[in-house]
Amino acid sequence: MISYVLRRIVGMVPTLFIISLLIFFIIELPPGDYLSNQISQLQAQGEAASVAKLEFLRREFALDRPFMERYAVWVGIWPGQHGFDGILQGNWGWSFEFQKPVGEVVSGTLLLTVILNFATILFVYIVSFPIGIYSATRQYSWGDYGFTLLGYLGLAVPNFLLGLILLFLMNEWFGVSVGGLMAPRFIDAPMSLDKFLSIVSHLVVPTIVIGTAGTAAMIRRLRANLLDELNRQYVTTARAKGLKERNLVLKYPLRMALNPFIADIGNLIPSLVSGSVIVSVVLNLPTVGPILLGALQSQDQYLAGFILLFVAVLTLVGMLISDLLLALLDPRIRLGQEATA
């Protein structure tokens, strides 16, 4: 098991480099960059002094160099104006739009993004697990039909629309605003117990809004997988031998049905971040989603690149966790990979 974990961790390193190269390539696909666009506007206005300053910034951040050299300087495997000073050295880049380091721009949102994603994933699995088992073991019952209807509604209703509905209902019925991830007085305050409790209380609505579609999809997937296992011959044989239904379901079919259920952990993270951008705007959530949207629109490439790389790291960590859980759940997966190696 230890060798399996080590191989998975070592394999993440080249994967992350390839992902970072793809991210940098895609971000630079549109013609020009933030500084080039600013230079064009200033030249049209005849402001030579400001143009000279922006040209200096282009040289300072290696934007005048070839693509691969710019990428290597950004990552930190090639010397820039100040030597080796890239992501590997802890320098996350410079935000041209905010005129400050990327670390200062996203420092207050990264932790909140991780907390919101973690809470949403917990919500998805805690809610979908018992409902999926109930629907599969009581197929075509009134409860199964009811949860199926709720599942289709969860898939059909856009997250941002559900957020708007909850905002209206909470304000109309209780006179309470559920926007944001904390009370206004805690926005610039250091972390404390009161601030943490405020974050936890404000997590309820965005967690439900963002996790609804994922929960509905997970219920349908677990139900289908478990029904497939319950119709196999070994289940029929176990029933014929008098094994209790509860023990039968929990011991074998459920374990086999959980494989794709657990494998989705890594896939949930990028979908939560990308799918919650509009929700974050609607609910005024201080996450990296709105910042990423603004950075892509203004071609603030280092800011957008770091956020996308951060999401990629979260995805790889989520896939590692899902692989470890699968290896513990089904030893055939681990033994199969060891035999291949």
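Check the entry above for the structure.
Our subject in this report is the structure included herewith. (Residues numbered from 1 in each chain as written. Predicted model: local features only at pLDDT ≥ 70, side-chain atom pairs only at ≥ 80, totals over all residues. Heavy atoms only, no water.)

Looking at the nonpolar core
In step 1: Judged by nonpolar contacts, the single largest core of 72 residues is most densely connected at Leu35, Trp74, Val106, Tyr125, Leu258, Leu303 and Ile307.
In step 2: Setting aside its immediate chain neighbours within four residues, Tyr125 contacts Pro130, Met218, Phe261, Ile262, Asp264, Ile265 and Leu268. (Core = buried A, V, L, I, M, F, W, Y, C linked by side-chain atoms within 4.5 Å. Buried < 20%, exposed > 50% of the residue type's maximum accessible area, 1.4 Å probe, protein only. Contact = heavy atoms within 4.5 Å.)

A closer look at the side chain of Asn117
In step 1: Within the secondary structure, Asn117 is located in helix H5 (residues 102-137).
In step 2: On the accessibility criterion, Asn117 (8% relative accessible area) is buried.
In step 3: Contacts of Asn117, omitting those with residues within four sequence positions, involve Ile269, Leu272, Val273 and Leu314. (Helix = DSSP H or I, 4+ residues; strand = E, 2+ residues; numbered from the N terminus.)

Some points on the environment of Glu60
In step 1: Tracing the backbone through its elements, the reader meets Glu60 in helix H3 (residues 48-60).
In step 2: Taking relative accessible area as the criterion, Glu60 reaches 23% and is therefore assigned partly exposed.
In step 3: Separated by 240 residues in the primary sequence, Glu60 and Asp300 have C-alpha atoms spaced 15 Å apart.
In step 4: Discounting chain neighbours no more than four positions away, the residues touching Glu60 are Gln81 and His82.
In step 5: Of note is the side chain of Glu60, whose polar atom sits 2.4 Å from the side chain of His82. (Polar contact = N/O pair within 3.5 Å; in protein donor to acceptor, adjacent residues only side chain to side chain.)

Here's the deal with the side chain of Glu28
In step 1: Structurally, Glu28 can be placed in the loop between helix H1 (2-27) and helix H2 (34-45).
In step 2: For Glu28, a relative accessible area of 18% translates into the label buried.
In step 3: In this structure the side chain of Glu28 is engaged in a polar contact, spanning 2.2 Å, whose partner is the side chain of Arg70.
In step 4: Setting aside chain neighbours within four positions, we find Glu28 in contact with Phe67, Arg70 and Gln301.

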